[in-house]
Amino acid sequence: MDSKAQYDPKAIEPKWIKKWAETGIYKTPEDATHENKYYILPQLPYPSGSGLHVGHTEIYVGCDILARFKRMKGEKVLQVMGWDAFGLPAENYAVKTNIHPRINTDKAIENYKSQLVKIGASYDWDREVGSHNPDYYKWTQWFFLLMYNQGLAYRKNQKVNWCPSCKTVLANEQVVDKDGQEVCERCDTPVEHKMMEQWYLKITEYADRLAKDLDKVDWPKETVKRQRDWIGRSEGAQIRFEIVDSDKTLKVFTTRPDTIFGATYMVLAPEHELVKQITTEEQKGEVEKYVEDAKKKTEIERTDMTKSKSGVFTGAYAINPATEKNIPIWIADYVLTDYGTGAIMAVPAHDQRDMDFAKKYKLEIKEVVIPIFGKERKDEEFRKTISAVVQRESDGKVLAVNWKKNNWVSPVIGGIDDEEDLLAAAEREVLEETGYKCKAVKTLGGEIESHFFADHKNVYRHRLNQPVLLELLEDEPIDVNEDEKDIQDAVWMSPEEFLKKCSHEENIIGLRRYLYGAETFSGYGRVVNSGQFDGLKSEEAKEAVVKWLEEKGIGEAKVTYKLRDWSVSRQRFWGAPIPMVYDPEGNLHPVDEKDLPVVLPDDVDFKPTGQSPLTYSKSFQEGVEEKYGKGWRREVDTLDTFMCSSWYYYRYLDPKNDKQFASPEALKKWMPVDFYLGGPEHVNGHLLYSRFFTKVLYDAGYIDFDEPFKVHRHQGLILGEDGRKMSKRWGNVINPTDVVESHGADTLRMYEMFMGPLSDDKPWSTKGVLGIKRFLGKVWGLKDKVGEEKPETTQQVEINKLIKKVGQDLETLSFNTAIAKMMEFVNYAQNVEQLDQKVWEKFLLVLAPFAPFITEELWQELGNETSIHLEKWPVYDENMAKDKMVTIAVQVNGKLRDNLEMPAESEQSEVEIEAKKSEKIGKYLAGKAIIRVIYVKDRLINYVVGE
RNA sequence: GCCGGGAUGGUGGAAUUGGUAGACACGCUGGACUUAAAAUCCAGUGGGAGUUAAAUCCCGUGCGGGUUCAAGUCCCGCUCCCGGCACCA
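Residues numbered from 1 in each chain as written. Chains lettered and ligands numbered in written order. Predicted model: local features only at pLDDT ≥ 70, side-chain atom pairs only at ≥ 80, totals over all residues. Heavy atoms only, no water.

J.: Before we move on, could you go through the protein's contact with RNA strand B and cite the residues and values that matter?
T.: Residues in contact with RNA strand B amount to 52 residues; listed here are only the nearest, Thr255, Tyr339, Arg353, Arg774 and Arg939. Here RNA strand B approaches the protein such that, of its atoms within 4 Å, sugar and phosphate make up 63%. One of the backbone N or O atoms of leucine 336 is found 3.0 Å from a base nitrogen in RNA strand B. Take asparagine 816: an N or O atom from its side chain is 3.1 Å from a phosphate oxygen of RNA strand B. Residues that form the surface near RNA strand B fall into these classes: 19 nonpolar, 13 polar and 20 charged. (Near = heavy atom within 4 Å. Polar contact = N/O pair within 3.5 Å; in protein donor to acceptor, adjacent residues only side chain to side chain. Nonpolar A, V, L, I, M, F, W, Y, C, P; charged D, E, K, R; others polar.)

J.: Go over the sheet that holds strand 27 (residues 566-567) with me, naming the residues and quoting the values.
T.: In a beta sheet, neighbouring strands are held together by backbone hydrogen bonds and run either parallel or antiparallel to one another. If you trace the four strands from one edge of the open sheet to the other, you get 6-5-9-27, paired in antiparallel fashion. Of all strands in the sheet, those bounded by a partner on one side alone are strand 6 (168-170) and strand 27. As defined by bridge partners, strand 5 (residues 153-163) adjoins strand 9 (residues 192-201) across ten bridges and the pair is classed as antiparallel. Residue pairing across strands places tyrosine 154 opposite tyrosine 200, the latter belonging to strand 9. (Pairing = 2+ DSSP bridges. Helix = DSSP H or I, 4+ residues; strand = E, 2+ residues; numbered from the N terminus.)

J.: Give a detailed account of the nonpolar core, specifying residues and quantitative values.
T.: By size, the foremost hydrophobic cluster in this structure holds 87 residues, and its most contacted members are Met750, Trp764, Phe775, Met822, Trp840, Phe843 and Phe850. Looking at this core, the element that brings in the most residues is helix 2 (residues 54-72), giving ten residues. Every residue in contact with phenylalanine 775, bar those within four places of it in the chain, is listed here: Met750, Met822, Met823, Val826, Phe843 and Leu847. Ranked by size, the runner-up nonpolar core spans 86 residues in total, among them Tyr39, Val129, Leu146 and Ala576. (Core = buried A, V, L, I, M, F, W, Y, C linked by side-chain atoms within 4.5 Å. Buried < 20%, exposed > 50% of the residue type's maximum accessible area, 1.4 Å probe, protein only. Contact = heavy atoms within 4.5 Å.)

J.: So what about the packing of helix 26 (residues 815-830) against helix 27 (residues 837-847)? Which residues, and what values?
T.: Contact pair helix 26 / helix 27: the axes reach a minimum separation of 11 Å and the direction vectors enclose 155 degrees. On the basis of their axis angle, the class for helix 26 and helix 27 is roughly antiparallel. Note that helix 26 runs across helix 27; the crossing there is left-handed. Residues Met822, Phe825 and Val826 of helix 26 form the contact with helix 27, whose participating residues are Val839, Phe843, Val846 and Leu847. By residue class, the composition of the contact of helix 26 with helix 27 is seven nonpolar, no polar and no charged. (Axes fitted to C-alpha atoms, helices over the stretch in contact; angles between N-to-C directions. Parallel < 35°, antiparallel > 145°, perpendicular 65-115°, else oblique. Left-handed = near helix turned anticlockwise from the far one by under 90°.)

J.: Now, about the pairing of strand 23 (residues 459-472): what can you tell me, with residues and values included?
T.: With eleven of 14 residues buried, strand 23 is to be regarded as a mostly interior element. Relative to strand 23, strand 17 (residues 381-390) is paired through ten bridges, and the arrangement is parallel. Residue threonine 385 lies in a different strand from strand 23, and its bridge partner there is asparagine 465. Bridge analysis of strand 21 (residues 438-443) against strand 23 gives five bridges, and the strand direction is antiparallel. Each residue of the ladder has a partner; that of threonine 443, found in strand 23, is valine 468. Here seven bridges tie strand 22 (residues 448-454) to strand 23, and the two strands are oriented antiparallel to one another. Directly across from alanine 454, in strand 23, lies its bridge partner valine 459. Taking the residues between adjacent antiparallel strands as the criterion, strand 22 and strand 23 are bridged by four residues, where asparagine 458 takes a positive phi near 60 degrees.

Read these as geometric descriptors, not functional statements.
Printed below as a string of structure tokens:
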């Protein structure tokens, strides 16, 4: 304890790195069982030539702190590092430099590894894996064969996303939107579409389970939602429509079978197989032209929603099975080929897209669902009403009434008398209520149902209201009856003002219909104009219609997904070869499992040509003929690297196993992953694929769980000091190794955690780092204060509070607040005369997961011979972790007026006695009546006073 | 357009889930040490009024309303920022 040397991380950190490696303290514990294990998984990195920056290390530091904490809590931790080593950047670099990608990749891995070692990450390096090594990709290929044998891998000629720069196919998940353009996520090149025969994995077969099982996982809720939306499950019905004068039927999918009576036309996607067959002679020319044009359009042009919809009539008609009417069949590119059946029944009244189209091409719009406002009650009184839309020509203002009692604005609304004509009722009501003489012109759309309490009549109402358009006949009103005058005034206001001021939404629908024409109502409501289904609510009608369809044998309930099958073949070199061979007739055969791995050859010209480079590898193809016979050849595409990373967390469990991807014992012991930390950008890619792989393994009987990641969290981005994303382009990249050089690994670790909540994006601050450096300097200085045990209670209270708080914060990953508390403790400890040695030891233990180097050094200085990282997390005494005295806020009418120091757990009466003694409080209470006193134990007392 | 998430001092961020807003840190100001600087240490630091100094008071969590003894936190209506999806029938 005599060393007065300054805190110098450079003098201590390399020493401990060496020692820890020698003693192997971070090896995976041999005595782990399924019950006491804790599998912590930092998302594996792609080793790029530029090395790690501090944004990458956040994830490793976060996981490492947690791993160290869990070890101290007695859990048997598995924490391993691996490399997602195949992929385009390395290959592109190889093309540029003409150096084999393996060489640069291995170099990058060495660099990453040394960076990670320097920050003190406690991995079991004996289990390190790299996806580019044959003993790894052998099993990636094995997974492919497993899928193939389960019927989950297949070839299909389909429109694919093609990156002209990377010269390869991309999965849907690898195409990102940038300023309204679909671009390659790697290189930002706009994606092209072309037809190609490709390998696909049938992830859609698992869509339902992938969606449903999201209920089982503890993931951020927005992540769950995003994945669920991506899978895009929707329930509905498949319905077959007969085509007039044809033996063909037209299959459609709809989520709203309850609107079938409103289906007034049908639409096929231009690519639909029936287009040619049903188009009439007269329409042929137009249709063919439209189909040709659609082919030429890019995906972006087709899906540009700001553009008006286009389409052509085929000349053919289908029969709406509900109305039994003939309805025209159109072709339009607003219907997507690859969703549902590529054809729809159009219900313009209840679907915005169909409405836009119907208005443009003057197709029939038939309302079959009316909106319902408010909640039904048993004791309500039913009434049919009209509401009046009257616009005066002179200034364009519309007629409204102002309800005096509640200052409400509404149109004229009035009941229809028995036997009375609707339009006549409208004319009468306007005249009675406002004195204006009008002539009813027509109804505006269908009725609107509402349920409400009619204030002026004191009853609950069930109202069915029909908006009616009227024409003003005379500018001057006649006198209205006195009773009406008391209730309301007639006022004229601009339509805009009316729409804004009108008190209830259901009452502006009439005017909106008048101003903007028919409007879509796409919500659920009450079914009307639908024969036997009239009066049902949408939810009920959906069921009833499906049942009716099933009885008639023309439809059934059906679930559809947005998720597409996963395209996994890539026309590039640096990936796992697809383990398939073709016989001379071109038939596919899987490579025998015993012949795995299909090794990636070295004699390859990896310049991308659009053809897979493996096509030109002599050794790759020669081997095949030797093995299978003349004319046989290998599949030359390689696998999407996401296949490699979909199962890496299984390989960590048993990385040297050459018989299985992992042994059943290892799988049983370690899985599922207890804590997975990774970026939010992988939600609809990697995370989904990994879940898919796991479910396939489960179905094949290899594992007994079907979700790989129990708990998943995201780290946020660390931005450059300029607030921009760290990138070479901006020159704002901070290299962790530089920070370690100048301030030490402990400082880097703690600063990254202190910046803010783990999942937030936050900018780096070079100055901010110094705060942590100072803190560690103070910790270093504290050792000179340490003396023999000193039974001073404050120190005991402080350390117990600290152990409790830091322990809690670590469980919730609130690293930033845990560090703040440690700073408070150190600030406090600096002012004590002598620091109790036991308190000091406990403090070092609490700090150890965050700052493994300095704590190890100080621990050894205390004369300990074994590592602090093998110690147990200190236990705190709940009693000691409580303050003996608390500050109680005294408020008068909610405003803070004084503070009282009181013993903890004081009763209200005791606090009141002290409060009343306060002059400040007396000032505010003098001459006032105390109406109420609110007391919150150990927090505040609030006097509510009146005059 | 739709769906998420967010907005708190000069800055990063705290706030026991309705109970003293601004913990902790950065920065800044002043001081100590020094020939000087760096480093370190001490004090101050939301805004305003007030005073020699204090005491003291008022205002303050994107904006406008509301509920409550009490609102950063709950409710209603906006604005802006970030992320995702985007004709999914």
